[in-house]
Amino acid sequence: MTDGLPDGPAPEPAPRDHRQDDLSTLAAARRRTVDEHMFTSPGLPGAFRLQLFTAPGARSVAVVTQHAGEGMSLLNGAERFAAAVWERHCSEEALPPVWVERQLWREGSVQETRFRRVVFAEGSRYRLRRPRWSAITQEQLDALVGGTVETGRGAGYVPRLAEPEPQMMFEEFAVTRLARPRPFREPHCMPAGVPWWRRWVRQVVPRDATRTCCWYHGGDWHRVNAMALQVLRDARAQSVGAEDAQELAVAYAASVGATDWETEALATLFSTWDAIQPDSEGGYINGQHRSQAMLEAGVRRTVVLHHVYEA
């Protein structure tokens, strides 16, 4: 995998930490030795606040915080971001720092702002793979580092320079036209994408069953997308802009008795930060996991977000 990080010495295998899921074995009285408000690195398509906590003989702990809109999200860039911090600040350590992320969503967003621990299942030095996420409380994090961790973005945050604002537009889109999703954040239930022949089979014989393996497989995407298409029609009839479409979607979900999962899933389709966004090169800006789940279920039509620049 080419990750755009600076070239360095030949990669060395990174030992596996067989106790890395047990936070109690990692707790130590650390002190914050790095507080970099705009961490980035050549080749990294994003920035974030880095708080690094260290102690002699203990594994370093990196707590990273990011606003939505600072380039690649912490979720999508986990391997590259963690490897860059490891290489710059913990290069003498055999294992990458314990990685804890906090994505800051806009006020009123359906997405929940919380700390999440990321464990990497595979990797070599400065090259990480197969991240897994789990929630971690503020109390657990403070116990891990042996002190209080600041939860905000920090006073040194520098907003990105303003760029020409495109017009955001939601539109109906055939699911079979979506690119093959890769890479995957749920390797056990999304192992290899959905090849073209299988996506057409699913169009003829759709799946309705839900699964408990992950959030993406946890509900009925057929029902969610039927609601999404109705919300899209209502938004156009009422001249509702893209910025207000999510509020309309949540209200519609409540009016038809949608479940909590269905409401959240519908809201993500109309989020100007988190909608499914195909890119101009046949890939994704966002939405690979939901696209994968829809392709597996045989969903026919969905809603995607496009950015249109005025000539």
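Residues numbered from 1 in each chain as written. Predicted model: local features only at pLDDT ≥ 70, side-chain atom pairs only at ≥ 80, totals over all residues. Heavy atoms only, no water.

## Some points on the confidence of the model for the protein chain
- On average, residues of the protein chain score 84 in pLDDT, and 83% of them reach the 70 mark or higher.
- Considering only residues more than four positions removed or in separate chains, one finds that residues 1-20, a stretch of pLDDT under 50, has 41 contacts. (pLDDT = per-residue confidence, 0-100. Contact = heavy atoms within 4.5 Å.)

## Re the sheet that holds strand 1 (residues 31-39)
- Strand order in the open sheet formed by 6 strands is 1-2-3-4-5-6, and the pairing between neighbours is mixed. In the strand order of this sheet, the two ends are held by strand 1 and strand 6 (127-135), each with one partner. Strand-to-strand twist of the sheet, defined as the mean angle between neighbouring strand axes without regard to direction, takes the value 25°.
- In terms of strand pairing, strand 3 (residues 61-67) meets strand 4 (residues 98-104) through 7 bridges, oriented parallel. Pairing of Val-63 across the sheet is with Val-100, part of strand 4. (Pairing = 2+ DSSP bridges. Helix = DSSP H or I, 4+ residues; strand = E, 2+ residues; numbered from the N terminus. Axes fitted to C-alpha atoms, helices over the stretch in contact; angles between N-to-C directions.)

## Some thoughts on the nonpolar core
- Grouped together as the largest cluster of nonpolar side chains are 40 residues, with contacts concentrated most on Phe-170, Trp-221, Val-224, Leu-266, Leu-269 and Phe-270.
- Elements with a minimum of two residues in this core: strand 7 (167-174), helix 4 (221-237), helix 5 (242-255), helix 6 (260-269), helix 7 (288-297) and strand 10 (301-308).
- For this core, the element with the highest residue contribution is helix 4, accounting for 8 residues.
- Within the second largest apolar cluster, 23 residues are counted, among which are Ala-62, Trp-86, Trp-99 and Leu-128. (Core = buried A, V, L, I, M, F, W, Y, C linked by side-chain atoms within 4.5 Å. Buried < 20%, exposed > 50% of the residue type's maximum accessible area, 1.4 Å probe, protein only.)

## Considerations on the packing of aromatic side chains
- Scanning all chains against the criterion turns up 9 aromatic pairs.
- Aromatic side chains Trp-215 and Trp-261 sit 5.3 Å apart centroid to centroid with 40° between the ring planes, which places their arrangement in the tilted category. Here Trp-261 lies in helix 6 and Trp-215 lies in the loop between helix 3 (196-204) and helix 4, a separation of 46 residues in the sequence.
- By relative accessible area, which is 29% here, Trp-215 ends up partly exposed.
- Given a relative accessible area of 13%, Trp-261 falls into the buried group.
- Here Trp-221 and Trp-261 contribute two aromatic rings whose centre-to-centre distance is 5.1 Å and whose plane-to-plane angle is 75°, an arrangement assigned as edge-to-face. Pair noted here: Trp-221 is in helix 4 and Trp-261 is in helix 6, with a separation of 40 residues, a long-range link.
- Cluster of aromatic residues (ring-pair linked, three or more members): Phe-39, Phe-48, Phe-81 and Trp-99.
- One cation-aromatic arrangement involves Arg-102 over Phe-115; the distance from NZ or CZ to the ring centre is 5.2 Å.
- Positioned above the aromatic ring of Tyr-126, the side-chain terminus of Arg-125 is 5.6 Å from the ring centre. (Phe/Tyr/Trp six-rings, centres within 6.5 Å; stacked < 30°, edge-to-face > 60°. Lys NZ or Arg CZ within 6 Å of the ring centre and 35° of its normal.)

## With respect to the layout of surface pockets
- In this structure, the second largest pocket occupies an estimated 280 Å³ of space.
- The class makeup of the residues in the lining of the second largest pocket is 6 nonpolar, 6 polar and 5 charged. (1 Å grid on protein atoms, 1.4 Å probe; cavity = no way out; pocket = protein on both sides within 12 Å on 5 of 7 lines; lining within 4 Å. Points joined across faces, edges and corners; volume = space filled by probe spheres on them. Nonpolar A, V, L, I, M, F, W, Y, C, P; charged D, E, K, R; others polar.)

## Points about the pairing of strand 5 (residues 115-124)
- Taken together, the 4 bridges between strand 4 and strand 5 define a ladder with antiparallel strand orientation. Among the inter-strand pairings, Glu-101 is bridged to a residue of strand 5, identified as Arg-116.
- Examined bridge by bridge, strand 5 and strand 6 share 8 bridges and lie antiparallel to one another. Pairing of Arg-116 across the sheet is with Ala-135, part of strand 6.
- Hairpin remark: strand 5 followed by strand 6, antiparallel, with 2 residues in the connecting loop; positive phi at Tyr-126, about 65°.

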